[in-house]
Amino acid sequence: MLLLKYVAGVAACACIAAVVPGRANAAMPTVPSGFRIDIVAQISSPRELVALPDGDLIVGTSGSDVYVLPNAEGATPGTPSVFATANDEFASGVAFSARHKEIYIATNGHVWATRYIPGRRRAGALSSIAKVRTGPIAPHSDGDVHKTTSVTFSDASDMLYIGVGSSCNSCVEVDPTRASILTLPGGKGALHKIATRIRNAIAMTISSNNSLWVGDAGQDDLPFGHPFEFLDDVSSHPPVADYGWPYCEENHIAYMGSGISCTSTVAPLAELPAYSTIIGATFYPTGSAGRYSFPAKYRGALFAAAHGSWHTTGSGGYAAAPQVAVFAMHGDQPAIPVDWQNSSAQWRTFVGGFQTGRQR
């Protein structure tokens, strides 16, 4: 795990990000001038992160264990330990509700809840509050089955949001929970679908205006460099928002099928290059104070963590490298409008250097 601080300013903590193990270069990732990035813990296969009011950090993983990092933003963070073990695989999704004083853990087939007690570093009982992937994988699945589930909670709306990945790279789902974004009001009761045909909405975050933003991981095997991979304000669309996968992508373009109309599908607000694989997102607070506060130009900005890709260019370089990208925002609109001819127009690299530029 890495802790990122702005050391030239006069205010609060920054952000924490996961390092890809075994990256090719031994140097620390690169950050803008005035920032410092430090290793604060070693945790195997970290995925989603959520900060707790007591200063601890909950870390979802690709296994069944969820970890806690005590005093994550303090001068001396504690030693990480197992916070909870789910009776399921891929305990990658984590979220917190101050309203309900609950921590949520999302796995392959369930969303679990456990009571938050300040200072407690071993969870009590986990209760299953929702089941996902309740149906079969698509009949014509190509084997690219996504098993992670993402969660985020809006205390203002009293809503738990759940992102469930698809069962393939390109197919028509028969399980209504897959390739979807679902809601669970108050973290209880029945699931409701608010977005469909969204291949793998791993990144989920709530803006300062209480909007739900998601980042999607796009499909392979289209013309090289497409589709662009997007972030979008899902809550700005009436449910059920249709993102068009696998037939429609980008600005209502039909990349697959014959006689397909994409006029009613969503054209997202923010784009990253193809193969970026957006796995995390967060908004920097519009108001912050404290020792490590970011400069004013970052307030309200959208940060997106990109996993990067195995795809290579003709010269052997990676088509999309791991990074944390930052989008300047005006409320819930990117400061730079989407450019459908240039997927690099709206953002810049904030944290880079996770791997070398050429495949070995």
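The rules behind each value
- Residues numbered from 1 in each chain as written.
- Predicted model: local features only at pLDDT ≥ 70, side-chain atom pairs only at ≥ 80, totals over all residues.
- Heavy atoms only, no water.
- Helix = DSSP H or I, 4+ residues; strand = E, 2+ residues; numbered from the N terminus.
- Rg over C-alpha atoms; globule rule 2.2 N^0.38 Å.
- Buried < 20%, exposed > 50% of the residue type's maximum accessible area, 1.4 Å probe, protein only.
- Contact = heavy atoms within 4.5 Å.
- Areas by Shrake-Rupley, 256 points an atom, 1.4 Å probe, with all protein chains shown as cover.
- Lys, Arg positive; Asp, Glu negative; His and termini not counted.
- Charge placed at Lys NZ, Arg CZ, Asp CG, Glu CD.
- pLDDT = per-residue confidence, 0-100.
- Core = buried A, V, L, I, M, F, W, Y, C linked by side-chain atoms within 4.5 Å.
- Disulfide = S-S within 2.5 Å.
- 1 Å grid on protein atoms, 1.4 Å probe; cavity = no way out; pocket = protein on both sides within 12 Å on 5 of 7 lines; lining within 4 Å.
- Points joined across faces, edges and corners; volume = space filled by probe spheres on them.
- Pairing = 2+ DSSP bridges.
- Axes fitted to C-alpha atoms, helices over the stretch in contact; angles between N-to-C directions.
- Phe/Tyr/Trp six-rings, centres within 6.5 Å; stacked < 30°, edge-to-face > 60°.
- Polar contact = N/O pair within 3.5 Å; in protein donor to acceptor, adjacent residues only side chain to side chain.

Describe the overall build of the protein chain, listing the residues and the values that go with them.
Along the protein chain, the regular secondary structure elements total 0 helices and 28 strands. Taken against the 2.2 N^0.38 rule, which gives 21 Å for 360 residues, the C-alpha radius of gyration of the protein chain at 19 Å falls within 12% of a compact globule. When the backbone C-alpha atoms are referred to their principal axes, the protein chain occupies close to 60 × 45 × 40 Å. Evaluated residue by residue, the protein chain yields a buried proportion of 51% over its 360 residues. Pairs at least 24 residues apart make up 57% of the contacts formed inside the protein chain by residues separated by at least 6 positions. Accessible area of the protein chain: about 14,900 Å², with a carbon and sulfur share of 53%. With 24 positive and 27 negative side-chain charges, the protein chain shows a spacing of 9 Å between the two charge centroids.

Give me the lowdown on the confidence of the model for the protein chain, citing residues and values where you can.
When the pLDDT values of the protein chain are averaged, the result is 90; 91% of them are 70 or greater. Low pLDDT (under 50) marks residues 5-25, which in the prediction has 64 contacts with non-local residues, meaning those over four places away or in another chain.

So what's going on with the nonpolar core? Residues and values would help.
Core analysis: the biggest nonpolar cluster contains 16 residues, and Ile58, Val66, Phe83 and Ile105 have the highest contact counts within it. The set of elements that each furnish at least two residues to this core consists of strand 6 (65-69), strand 7 (81-85), strand 8 (93-97) and strand 9 (102-106). Setting aside its immediate chain neighbours within four residues, valine 66 contacts Ile58, Val59, Gly60, Ser81, Val82, Phe83, Ala84, Ala91, Val94 and Ile105.

Any details on the state of the cysteines? Residues and values, ideally.
Under the criterion given, the structure shown has 2 disulfides. Two residues, cysteine 168 and cysteine 171, share a disulfide whose sulfurs are 1.9 Å apart. Handedness here is read from the sign of the S-S torsion; for cysteine 168 and cysteine 171, about -85 degrees, the answer is left-handed. Summarising the burial analysis for this pair, cysteine 168 and cysteine 171 share the class buried.

Explain empty space enclosed by the protein to me, using residue names and the numbers behind them.
Think of a ball as big as a water molecule: rolled over the atoms, this probe shows where empty space is left. The full count for this structure, using the stated rule, is 3 cavities of 30 Å³ or more. Approximately 50 Å³ is the volume found for the largest cavity. Looking at the largest cavity, the residues that line it are Phe230, Tyr243, Cys248, Glu249, Glu250, His252, Ile253, Thr265, Val266 and Pro268.

For the environment of threonine 134, give the residues involved together with the corresponding values.
For threonine 134, the position within the fold is in the loop between strand 11 (127-131) and strand 12 (149-154). By relative accessible area, threonine 134 is classed as exposed at 56%. The sequence separation of threonine 134 and proline 176 amounts to 42 residues, and the corresponding C-alpha distance is 8.4 Å. Not counting residues within four places of it along the chain, the set of residues in contact with threonine 134 comprises Asp175 and Thr177.

I'd like a description of the sheet that holds strand 24 (residues 302-306), backed by residues and values.
Judged by pairing direction, the sheet is antiparallel, and its 4 strands sit side by side in the order 23-24-25-28 without closing on themselves. Edge positions in the sheet fall to strand 23 (278-283) and strand 28 (347-351), since each of these pairs with one other strand and no more. Between one strand and the next, the sheet's axes are offset by a mean angle of 30 degrees, whatever the strand orientation.

Break down the pairing of strand 16 (residues 203-206) for me, citing the residues and quoting the values.
By the bridge criterion, 4 bridges tie strand 16 to strand 17 (residues 212-215) in an arrangement that is antiparallel. Residue pairing across strands places alanine 203 opposite glycine 215, the latter belonging to strand 17.

Just give me the short version of the side chain of threonine 183, but keep the residues and values in it.
Considering the arrangement of structural elements, one finds threonine 183 in strand 14 (residues 180-185). The exposure class of threonine 183 is buried, given its relative accessible area of 6%. With near-sequence residues (within four places) excluded, threonine 183 lies in contact with Met159, Leu160, Tyr161, Ala190, Leu191, His192 and Ile194.

Residues and numbers for the sheet that holds strand 22 (residues 270-272), please.
Ordered by their spatial adjacency, 4 strands build an open sheet running 16-17-18-22, and the pairing between neighbours is antiparallel. With one partner strand each, in any of the chains shown, strand 16 and strand 22 form the two edges of the open sheet. Pairs of neighbouring strands in the sheet enclose a mean axial angle of 15 degrees, with direction left out of account. For strand 17 and strand 18 (residues 229-233), the ladder comprises 3 bridges, and the chain directions are antiparallel. Pairing of glycine 215 across the sheet is with leucine 231, part of strand 18.

Go over the packing of aromatic side chains, please, and point to the residues and values.
In total, this model carries 15 aromatic pairs according to the counting rule given. Here the aromatic rings of phenylalanine 96 and tyrosine 116 are separated by 5.1 Å at their centres, their planes lie at 80 degrees, and the arrangement is edge-to-face. Here tyrosine 116 lies in the loop between strand 10 (110-115) and strand 11 and phenylalanine 96 lies in strand 8, a separation of 20 residues in the sequence. Residues tyrosine 104 and phenylalanine 153 carry aromatic rings whose centres are separated by 5.4 Å and whose planes lie at 5 degrees to one another, so their mutual orientation is stacked. With tyrosine 104 in strand 9 and phenylalanine 153 in strand 12, this pair connects stretches of sequence that are 49 residues apart. We note that tyrosine 104, like phenylalanine 153, is buried.

Tell me about the side chain of glutamine 323, residues and numbers included.
As for its position among the elements, glutamine 323 is in strand 25 (residues 323-327). Classification of glutamine 323 by relative accessible area gives buried; the value is 11%. Among the polar contacts made by the side chain of glutamine 323, one reaches the side chain of threonine 349 at a distance of 2.6 Å. Excluding its chain neighbours within four sequence positions, the residues that come into contact with glutamine 323 are Ala304, Ala305, Ala306, Trp347, Thr349, Val351 and Phe354.

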